[in-house]
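Descriptive analysis of the structure
Here is what each chain is made of, one letter per residue.
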Amino acid sequence: MRQFNQFDISDVFNEINDPLFVIESEEIIFFNKFFKKHFQEIPFDWRSSITEKELVASLEEFFKTGIVPKNTFLKKVRPKELSSIKYEWSFTNLPSSYSEKFLIVRGHPLKFQSKAGELLARTREELQQSEEKYRTLVEESTEIIFSLSDTLEFYYISPNVKQFLGYEADEVIGTSFLHYLNPEDLDVFQSYGVEISDFLDENQYLEFRIKHKNGTFRVFSSNGRMVDEHEDKKPFYTGIARDITELKQAQKELFQAKERAEKDSLVKSQFLSMMSHEIRTPMNAVIGLTHLLMEENPREDQLENLKTLKFSAENLMSLINDLLDFSKIDAGKINLEQSQFDLRVLVNRIVHSYSFQAKEKGLKIRTDIDGEIPELLIGDSVRISQIINNLLSNAVKFTDIGQVRTVLQVVKATREFCEIKFSIEDTGIGIPEDKVESIFEAFTQASSDTTRKFGGTGLGLAIVKRLVELHGSEINVSTTLNQGSTFEFTLKFKSVEIKSKDQTEQQDYKEKSLKNVSILVAEDNLINQILIKKFLKNWHIGKLVMASDGQEAIEEFHKTNFDIILLDLQMPILGGLSVAKFIREDLDSGKNQVPILVLSAASHQEIKSEMLELSINDFIEKPFTPEVLYGKITEHLISKDLS
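All of the points below concern the structure found in this document. Given the structure is predicted, the values throughout are model-derived calculations rather than measurements.

1. Here's the deal with helix α19 (residues 526-538)
With 13 residues, α19 extends 18 Å from end C-alpha to end C-alpha; this agrees with the ideal 18 Å at 1.5 Å per step. Along α19, the residues classified as buried are Asn-528, Gln-529, Leu-531, Ile-532, Phe-535 and Leu-536. Buried residues of α19, seen end-on, are gathered within an arc of 165° and therefore sit on one face of the element. With respect to the buried face of α19, the exposed residues turned more than 90 degrees away are Leu-526 and Lys-537. Just downstream of α19 lies His-540, where phi reads positive at about 60°.

2. Section: the environment of Asp-342
Tracing the backbone shows Asp-342 in the loop between β10 (339-341) and α13 (343-353). Classification of Asp-342 as partly exposed rests on a relative accessible area of 21%. Note: C-alpha distance between Asp-342 and Ile-378 (36 residues apart in sequence) is 8.8 Å. Residues contacting Asp-342, with those up to four places away along its chain left out, are Glu-375 and Leu-376. At 3.1 Å, the side chain of Asp-342 and the backbone nitrogen of Arg-344 are in polar contact.

3. Some thoughts on the pattern of salt bridges
Under the criterion given, the structure shown has 20 salt bridges. Between Asp-368 and Arg-366 there is a salt bridge, with its nearest N and O atoms 3.4 Å apart. According to the relative accessible area criterion, Arg-366 is partly exposed, its value standing at 35%. Each of Arg-366, Asp-368, Arg-405 and Glu-425 takes part in one network of salt bridges that share partners.

4. Thoughts on the packing of aromatic side chains
Within this structure, the stated rule accounts for 24 aromatic pairs. Relative to Tyr-237, the ring of Phe-146 has its centre 6.0 Å away and its plane inclined at 35°; by these criteria the two rings are tilted. With Phe-146 in strand β5 (residues 144-149) and Tyr-237 in strand β9 (residues 236-243), this pair connects stretches of sequence that are 91 residues apart. Pair check on accessibility: Phe-146 and Tyr-237 agree, each one buried. Geometrically, the ring pair formed by Phe-154 and Phe-177 is edge-to-face, given 6.4 Å between the ring centres and 65° between the ring planes. Remark: Phe-177 occurs in the loop between α8 (169-172) and α9 (183-191) and Phe-154 occurs in strand β6 (residues 154-157); sequence separation between them is 23 residues. We note that Phe-154, like Phe-177, is buried. Cluster of aromatic residues (ring-pair linked, three or more members): Phe-21, Phe-31, Phe-35, Phe-39, Phe-44, Tyr-87 and Trp-89. One cation-aromatic arrangement involves Lys-492 over Phe-417; the distance from NZ or CZ to the ring centre is 4.7 Å. Here the basic side chain of Lys-591 rests over the ring of Phe-557, its NZ or CZ set 4.4 Å away from the ring centre.

5. Some thoughts on the pairing of strand β16 (residues 484-495)
Inspection of the sheet shows strand β12 (residues 377-379) paired to β16 by 2 bridges, in the antiparallel sense. Bridge pairing links Ile-378 to Lys-494 in β16. Bridge analysis of strand β14 (residues 417-426) against β16 gives 10 bridges, and the strand direction is antiparallel. Looking across to β16, one finds that Cys-418 is bridged to Phe-493. A loop of 3 residues connects strand β15 (residues 476-480) with β16, the two strands running antiparallel in sequence, and Asn-482 in this loop sits at a positive phi of about 65°.

6. A short note on the side chain of Arg-383
With respect to the helices and strands, the residue Arg-383 is situated in helix α15 (residues 381-397). At a separation of 2.5 Å, a polar atom in the side chain of Arg-383 contacts the side chain of Gln-386.

7. Brief notes about the side chain of Ser-423
By the element assignment, Ser-423 lies in strand β14. A distance of 3.5 Å separates polar atoms of two side chains, one belonging to Ser-423 and the other to Glu-488. Sequence-distant contacts of Ser-423, that is, excluding residues within four places in its chain, are made with Arg-405, Thr-406, Val-407, Thr-486, Phe-487 and Glu-488.

8. Remarks on helix α23 (residues 626-635)
What α23 keeps buried is the set Pro-626, Leu-629, Tyr-630, Ile-633 and Thr-634. Looking straight down α23, one finds its buried side chains confined to an arc of 120°; they lie on one side.

What counts and how
- Counting from 1, residues in each chain are numbered in the order their sequence is written.
- Totals for whole chains, interfaces and linings use every residue, but because this is a predicted model, local features are given only for residues with pLDDT of at least 70 and side-chain atom pairs only at 80 or more, for both listing and counting.
- Side-chain metrics in this entry use all non-hydrogen atoms of the structure; hydrogen atoms and water are not considered.
- Put simply, DSSP H or I for four residues or longer makes a helix, DSSP E for two residues or longer makes a strand, and each gets a number counted from the N terminus.
- An expected span of 1.5 Å times one less than the residue number is assigned to each helix.
- Partly exposed describes any residue whose relative accessible area lies between the buried limit of under 20% and the exposed limit of over 50%, with all areas from a 1.4 Å probe on protein chains only and scaled to the type maximum.
- This arc corresponds to the set of directions leading from the helix axis out to the C-beta atoms.
- A contact between two residues is defined here by any heavy atoms of the two lying within 4.5 Å.
- For the purposes of these results, a polar contact is taken to be a pair of N or O atoms within 3.5 Å, where, inside protein, one atom must be able to donate a hydrogen and its partner to accept one; residues adjacent in sequence count only when each atom of the pair is a side-chain atom.
- Note on definitions: salt bridges are taken to be side-chain nitrogens of Lys or Arg within 4 Å of carboxyl oxygens of Asp or Glu.
- Only centres within 6.5 Å qualify two rings of Phe, Tyr or Trp (six-membered ring in Trp) as a pair; their planes then separate them into stacked at under 30 degrees, edge-to-face at over 60, and tilted for everything else.
- In our convention, an over-ring charge means Lys NZ or Arg CZ found within 6 Å of a ring centre and within 35 degrees of that ring's normal.
- Strands are treated as partners if at least two bridges between them are detected by DSSP.

So this is what it looks like as structure tokens:
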């Protein structure tokens, strides 16, 4: 039945309003709709349904010689309901030009024996029409229909072969399939070293290149199966082939485009990683030196200036992160950190950093923070800062008269959670109604005039939207042209139980000491070396060894034992990961388990797998604060006496 469905013969037979079925040498392979509806079900093995000895002999003779049996009656093929109508069954080989292996068995109702001749004539006419329709379907098909002998010679090929390969059907029939096969595909075919019939029986789907009459090669795919014969008849392969040259070319181009995209993505990732390192290195120096100056007992007025400088540097670092982190956010590679922070202090410092810019423009800049907000919350303060920074930056930038107001209001609070609504309001230029949705797209601003007048990359709101969505929320905007805009979103935080002030101050101001600790630091940047050295000396480091590259770090590692090792990832000669691998593979079990911390401007997520593979203990992101550095070091020196 499969062959007939492929060639659409079933549609022809199902239109005939008489019972009809198709048999091959062993089984019945098709019943039309009329038969299924009105006749009792019979076995697929035709020898179980056709028991008339003379007819069985005639059918077996047909499959040997092709001689079609004469019309007859069938005792076991009966209608579902009792009827006076008898059926005479005719046998027709269809189509004679294609194959002699299938036989059409059709029932003709005989209400009156006197009309038998008329019915027989009508049957022959319908069969002739069916044969013509079938032949038309084959010749006009978009697929080549073919049959091969067990030696790969063509028994039959449909006339439409000329449309695809330029050959007449008569030129191909009797020739070998291998004659047209691409030499490379021929070598592959012959390399299997199995019988042809076995190969075709096991591989119903094939792809190969066939030579066109003009000498070029076309790519074809084929589906088919081996048809087994009995006695002296040999098996043959019958199937359909379709031209997939254009499809294979499109697949090739798509694969090449994918490779180019992956290569471009790798280059982009490497560029961003390098820029991250190069930009954050000087920022590490600015933030680090600010911390050092704040620890040298400055005057009260100097301390306030240093705090502003420190916060502005951190704010600048956040803006730099907007550019460097956008691709990571867009690719879903940013994970939210969960740590304690004071939201009110954070927001006030961000707003204060914009007070100078607002003052120059004559703007009022205000904060209204709900007093019910807990003092400490758990969340990602860095990402919260990015969101508020971007929104405040836009508000101040696009407002010339009036005010910018930041509002934080508790929506819902329990002992464990606090839901807070953030609103950034301005009295600026507003946003056209048809641009409200597009402003959240990357590199998009409300108009080209906005870009020329105010500058900017158009990344800010795109980052805001993605970061808010990363928190499981959404950002909304209400705006009136030339009157102002309000951006709102709601975030949910975990609350923290506050310890007494005395306990907190005692913990914060406890003198830091590393006097019994031996540390190896591998860092190629001179400024970073100076900063780390000053931090560690302020904490009374017992022994400090500085290495300027990976090879020097390995040499120092061999000389003595260390309690902890700090490795910069990007160093000359050998990077931090290579040094870590060398240490972990050292044969001395007493040395190869030393705690290793890596310093990097890259994100933890980017190198997480490598860290796990090398058993690296922790990660310190640049630029780091003294508190972070001290906390990470002491966390991995639990067994040491730090007093």
